[in-house]
Amino acid sequence: MRCLFCGADFLKPLTFQTVFVLDDTPSFCDTCRGRLAAIAPDACCRCCGRDLSLLESTAVKHHICQDCIWWKHSGRNGLYGTNNALFSYNPLIKEMITRFKFRGDTALAAGFACDLRCAFHRIVKKGSTWRQRLFMTDSSQFVIIPIPVSAHRLRERGFNQAEVLAELIGPPIVQGLVREKHEMKQSKKNRRQRLASRESPFQLNKECIHLLENKKILLIDDIYTTGVTMRLAAHTLIPAHPLSVDSLTLIHG
Amino acid sequence: MPMLLLSRKSVPTPNDFTEVQHALHGREFRAEELPFPEKRLKEYVNAGYVSVRHGIIPLNENIFDLLTGKKKWLCVRCGNREQESFAVCSCARCGSKCVYCRHCLTMGIVRACTKLVTWCGPVPELRLPEDVLIGRPLCHWKGSLSSDQQKAAEALLQALEARESFLIWAVAGAGKTEIIYSALEQQLKKGHRVVLATPRTDVVRELLPRIRAAFPDIPVSGLYAGSKETIPDAPLVISTAHQLIRSANRFDCVFIDEVDAFPYHFDAMLDYAVRKAAKPNAPFIFLTATPPDILKNAYLSGKLRGVMLARRYHGYPLPVPRFQWIGNGAHAACKGWLPYPLSLWLRERITQKRQAFIFVPSIALVHELTELLQRSGYTRIAGVHADDPHRHEKLADFREGRLAALVTTTILERGVTVPGVEVAVFGADDRVFDDRALVQISGRVGRSGDCPRGDVVFFHNGKTLAMIRARRQIEQMNRAGGFK
Ligand SMILES: [Zn+2]
Ligand SMILES: [Zn+2]
Ligand SMILES: [Zn+2]
Ligand SMILES: [Zn+2]
């Protein structure tokens, strides 16, 4: 099997799955995997999903990082609950995201399919009551919304990276949000400018409102940086009356 | 009525024509990265001056493919036809599932719906510096050629006069680069566009200052990953083969240095890139110490003109490698044991005040062995490999004699010339070291006239065919050079 990223040949470890089901889903080799900084689900900030072991203990209170405490006090959380992230930002993931998002190598995302699905199941389980868990883990009340990009960016890039990631998790994906304005690139703004923006770049997709009522919404994006985007998206979703809004990102950085 | 029709169809003004011509000639653009709106090209396409083609085309080679209905693809820009290097994406540009090439992504993505644009009209005049026009000599290189080099240079000039391809098969240290100076001068004087292509960035970076110094009046452009082409349409371009993927139909004459530069053997895709960059019927000049079989056979059977330089410019024979059994050295090093023969060899080098390269098969082993040697008391030792950010500093330290030995992967096998250096290959039986790599490695020793001899030792755990072939090749070259 060939590594999706470095192209090296490697052997997939033999598991029940690989032996009995012909498993040819592409993935990364052990060397590349080893260079990624995976975030352990029990060692992350309960609000933004960042790896707390990378912070000094003084910056953390009750499993919540300082940034998230700031958000709590800001009163801008609204409907927004928590973020879940898979990897911390590091040189390798940076290289991968450049190739995926800016060079257009969408096939690379498939290497994260397993991680994304596992995380989704974890989120579903966490959010369900013991009764639901007993009878069946019920994911039908979840709706996945990829964070949209503007039409201009979509034409330029040819795809929406969040949508590619969402498709790896699978249905029910709803294009609940649209992004009409073409604003300055987030990466060109500094942290202060980003935190200050309160005007949502998103609009509610009118055709999908009925699909969102009383649902648990999971926003999908490639990266969680300041958390502004997620909160603005959650704010935009209020008129659709969802039960809750959480998010899942590939990277926290 | 006819008047109306005429006036509706705008005719390109001369200014517009030269602008488009200069922007497009010799290069291949993706339609979306054109320096002007695609619409502006319409008249040129109609006139047959500009060609537009699809980036990825289906490649159904045989009946079997057609029967199974399995689609195969070819990337027209980079020549990739390895089906594993294609992937499918849902494309917002064309609104359907689009195949794209994963091989040449760094140059901007090519999808099935991407259009590639090239100039195929009249070739623009090359803007040459005055010296060329006056007819003053262009080459300011002050050295002199050995009689072997002189003969080779003359044969090359004749072949180029007849626009025929040529092979310069020269042992490491024969002075290949100097041989082509007169040919470069001849081509540049004719107003030809010339490229010197090589598979490796290192070689471009090494050649660029040398060529610029030899041809101070000629704009020389250097292309490698991360470089910017600062001189548009330079008459002389030194480039990695990979960077030529963006060129098309540009060069009148192509020199390929180190055709076989391990580990990037001149593969089919680089070959495609170089051929696309050349004009049809442009002659190719191959420079190599270890020609691949295709070239070797063509030369030996007389289909390809060429010359063989079996003697180094200083007239001494190539050092012949000796073999020494060392057991499973890699295993020992990982366990923290320094194999005695290596330690002994290194100590001898240090007492004789000779610097040494120790080649190892893997990056992991570079780290292991360097650490082990340092722990064993050899302090002036460093390890270096392709991804090492401090690689250039360590090399500079070595060149200036601050380091006694350098443990390295195969990146150093060519290009780095240090007088008086001796070489050990640790784990020569590893399959990373094929015969050509071993010949190249042995070629590091005895390059300078002051210090034409030196030790080359292959430490092994069982002789391989590659080792034996490498030694045989070196001995053959020495015989051909008139040595016993
Ligand atoms: Zn890998
Ligand atoms: Zn947090
Ligand atoms: Zn390609
Ligand atoms: Zn397309």
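The rules we used
Residues numbered from 1 in each chain as written. Chains lettered and ligands numbered in written order. Predicted model: local features only at pLDDT ≥ 70, side-chain atom pairs only at ≥ 80, totals over all residues. Heavy atoms only, no water. Domains from an automatic or database assignment. Donors = N, O, S within 2.8 Å, 3.2 Å for Na, K, Ca; no water. Tetrahedral: all angles 85-135°; square planar, octahedral: opposite > 155°, others 65-115°. Buried < 20%, exposed > 50% of the residue type's maximum accessible area, 1.4 Å probe, protein only. Contact = heavy atoms within 4.5 Å. Buried area = accessible area lost by both parts, 1.4 Å probe. Salt bridge = Lys/Arg side-chain N within 4 Å of Asp/Glu carboxyl O. Polar contact = N/O pair within 3.5 Å; in protein donor to acceptor, adjacent residues only side chain to side chain. Nonpolar A, V, L, I, M, F, W, Y, C, P; charged D, E, K, R; others polar. Helix = DSSP H or I, 4+ residues; strand = E, 2+ residues; numbered from the N terminus. Expected span 1.5 Å × (residues − 1). Arc of directions from axis to C-beta. Pairing = 2+ DSSP bridges. 1 Å grid on protein atoms, 1.4 Å probe; cavity = no way out; pocket = protein on both sides within 12 Å on 5 of 7 lines; lining within 4 Å. Points joined across faces, edges and corners; volume = space filled by probe spheres on them. Disulfide = S-S within 2.5 Å.

*Asks:* Give a description of the domain arrangement of chain B that names residues and reports values.
*Replies:* In terms of domains, chain B is made up of domain 1 (14-119), domain 2 (130-309) and domain 3 (322-480). The gap between the C-alpha centroids of domain 1 of chain B and domain 3 of chain B is 45 Å.

*Asks:* Residue-level account of the coordination of the zinc ion (ligand 3), with values.
*Replies:* Residues and elements named next belong to chain B. Note on the zinc ion (ligand 3): its protein donors are Cys75 (SG), Cys78 (SG), Cys101 (SG) and Cys104 (SG). The metal-donor distances range over 2.3 Å. If you look at the zinc ion (ligand 3), its 4 donor atoms make angles of 104 to 115° with each other, and the shape they trace is tetrahedral. Motif for the zinc ion (ligand 3), donor spacing along one chain: C-x2-C-x22-C-x2-C. For cysteine 101, a relative accessible area of 1% gives the class buried.

*Asks:* Could you give an account of the domain arrangement of chain A, with specific residues and numbers?
*Replies:* Residue and element names in this part refer to chain A. Considered domain by domain, chain A is made up of domain 1 (1-31) and domain 2 (36-252). Listed per partner, the contact involves 5 residues of domain 1 and 9 residues of domain 2. Between domain 1 and domain 2, a total of about 660 Å² is buried, with carbon and sulfur atoms accounting for 74% of that surface. When the buried area of domain 1 at its contact with domain 2 is split by residue, Leu4, Phe5 and Phe28 rank highest and sum to 86% of it. Run the count over domain 1 and domain 2 and you get 0 salt bridges. For the interface between domain 1 and domain 2, the tally reads 2 residue pairs in polar contact (both at pLDDT 80 or more). Here the side of domain 1 that touches domain 2 is composed, by residue class, of 4 nonpolar, 1 polar and no charged.

*Asks:* Provide a residue-level description of the pattern of salt bridges, including the pertinent values.
*Replies:* Residues and elements named next belong to chain B. Summed over all chains, the structure comprises 32 salt bridges over all chains. For arginine 40, the salt bridge goes to glutamate 19, with nearest N and O atoms at 3.5 Å. Placement of the pair is arginine 40 in the loop between strand E1 (28-30) and helix H3 (42-47) and glutamate 19 in helix H2 (residues 14-24), with a sequence separation of 21 residues. Exposure remark for arginine 40: the relative accessible area of 25% places this residue in the partly exposed category.

*Asks:* Describe helix H14 (residues 363-375) of chain B, listing the residues and the values that go with them.
*Replies:* Residues and elements named next belong to chain B. The terminal C-alpha atoms of H14 lie 19 Å apart, and with 13 residues this matches the ideal 18 Å at 1.5 Å per residue to within 8%. When we look at burial in H14, the residues that qualify are Leu365, Val366, Leu369, Thr370, Leu372 and Leu373. Projected onto a plane normal to the axis of H14, the buried residues spread over an arc of 165° and lie on a single side. Two residues or fewer past H14, glycine 377 is found with a positive phi of approximately 100°.

*Asks:* Tell me what's going on with the pairing of strand E7 (residues 115-119) of chain B, and back it up with residues and numbers.
*Replies:* Residues and elements named next belong to chain B. Most of E7 is tucked away, with 4 of its 5 residues classed as buried. Pairing of E1 with E7, which is carried by 3 bridges, proceeds in the antiparallel orientation. The residue bridging glutamate 28 from the neighbouring strand is threonine 118, located in E7. Across 5 bridges, the pairing between strand E2 (residues 50-54) and E7 is antiparallel.

*Asks:* I'd like to hear about the coordination of the zinc ion (ligand 4), residue by residue, with values.
*Replies:* All names here are of chain B. Here the zinc ion (ligand 4) is held by Cys91 (SG), Cys94 (SG), Cys98 (SG) and Cys113 (SG), and the distances to it run 2.3 to 2.4 Å. Of note is the zinc ion (ligand 4), whose 4 donor atoms meet at the metal with angles of 99 to 122° in an arrangement that counts as tetrahedral. Of note, the zinc ion (ligand 4) draws all its donor residues from one chain, in the sequence arrangement C-x2-C-x3-C-x14-C. Here cysteine 113 lies in the loop between strand E6 (97-101) and E7 and cysteine 94 lies in the loop between strand E5 (86-90) and E6, a separation of 19 residues in the sequence. According to the relative accessible area criterion, cysteine 113 is partly exposed, its value standing at 25%.

*Asks:* Could you give an account of the interface of chain A and chain B, naming the residues involved and the relevant values?
*Replies:* Across the boundary between the two partners, chain A contributes 16 residues, which contact 16 residues of chain B. A per-residue breakdown of the area chain A buries against chain B is headed by Arg2, Arg103 and Gly158 of chain A, which together make up 42% of the total. Counting every contact that joins chain A to chain B gives 3 salt bridges. Residues aspartate 105 of chain A and arginine 102 of chain B are paired through a salt bridge, measuring 2.9 Å at the closest nitrogen-oxygen approach. Counting across the chain A and chain B interface gives 11 residue pairs in polar contact (both at pLDDT 80 or more). Per element, the largest residue contribution to the side of chain A that touches chain B is 4 residues, and it comes from helix H7 (residues 151-157) of chain A. A breakdown of the residues in the side of chain A that touches chain B according to their chemical character gives 5 nonpolar, 3 polar and 8 charged.

*Asks:* Got a sec to walk through the pairing of E6 of chain B? Specific residues and values, please.
*Replies:* Residue and element names in this part refer to chain B. Within E6, 4 of the 5 residues are buried, which leaves it mostly tucked inside the rest of the structure. The pairing of E5 with E6 spans 5 bridges and is antiparallel. Looking across to E6, one finds that cysteine 89 is bridged to cysteine 98. The loop that links E5 with its antiparallel partner E6 comprises 6 residues; one of these, glycine 95, has a positive phi angle of about 75°.

*Asks:* So what about unusual backbone geometry? Which residues, and what values?
*Replies:* Residue proline 172 of chain A follows proline 171 of chain A across a cis peptide bond; omega there is 0°. Counting through the fold element by element, proline 172 of chain A comes out in the loop between helix H8 (161-169) and strand E5 (177-179). The phi dihedral of asparagine 249 of chain B is positive, around 55°, even though this residue is not glycine. Among the secondary structure elements, asparagine 249 of chain B is positioned in the loop between strand E11 (236-240) and strand E12 (253-257). You will see that asparagine 281 of chain B, though not glycine, has its phi angle at about 70°, which is positive.

*Asks:* So what's going on with empty space enclosed by the protein? Which residues, and what values?
*Replies:* Residues and elements named next belong to chain A. Counted under the stated rule, the structure contains 2 cavities of 30 Å³ or more. The calculated volume of the largest cavity comes to roughly 50 Å³. If you go around the largest cavity, the residues you meet are Ile93, Met96, Ile97, Phe100, Leu108, Ala109, Phe112, Leu165 and Leu250. Examining the composition of the lining of the largest cavity, we find that 4 residues originate from one element, helix H4 (residues 91-102), more than from any other. Class assignment for the residues of the lining of the largest cavity results in 9 nonpolar, no polar and no charged. Each pocket or cavity is described by its volume, and for the second largest cavity that value is around 40 Å³. As for the second largest cavity, its lining consists of Cys48, Asp67, Cys68, Trp71, Arg191, Tyr224, Thr225, Thr226 and His252. Top contributing element to the lining of the second largest cavity by residue count: helix H3 (residues 66-74), with 3 residues.

*Asks:* Now, about the state of the cysteines: what can you tell me, with residues and values included?
*Replies:* When the sulfur atoms of two cysteines share a covalent bond, that bond is a disulfide. Going through the model one piece at a time under the given rule, you end up with 0 disulfides over all chains. This cysteine, cysteine 253 of chain B, is not joined by any disulfide, and cysteine 139 of chain B carries the nearest cysteine sulfur, 15 Å off.

*Asks:* I'd like a description of the environment of aspartate 105 of chain A, backed by residues and values.
*Replies:* With respect to the helices and strands, the residue aspartate 105 of chain A is situated in the loop between H4 and helix H5 (113-127). Spatially, the C-alpha atom of aspartate 105 of chain A lies 9.9 Å from that of phenylalanine 5 of chain A, the residues being 100 residues apart in sequence. Excluding residues within four positions of it along the chain, aspartate 105 of chain A makes contact with Arg99 and Phe100 of chain A together with Tyr100, Arg102 and Leu105 of chain B. A distance of 2.5 Å separates a polar atom in the side chain of aspartate 105 of chain A from a polar atom in the side chain of tyrosine 100 of chain B. A polar side-chain atom of aspartate 105 of chain A sits 2.9 Å from a polar atom in the side chain of arginine 102 of chain B.

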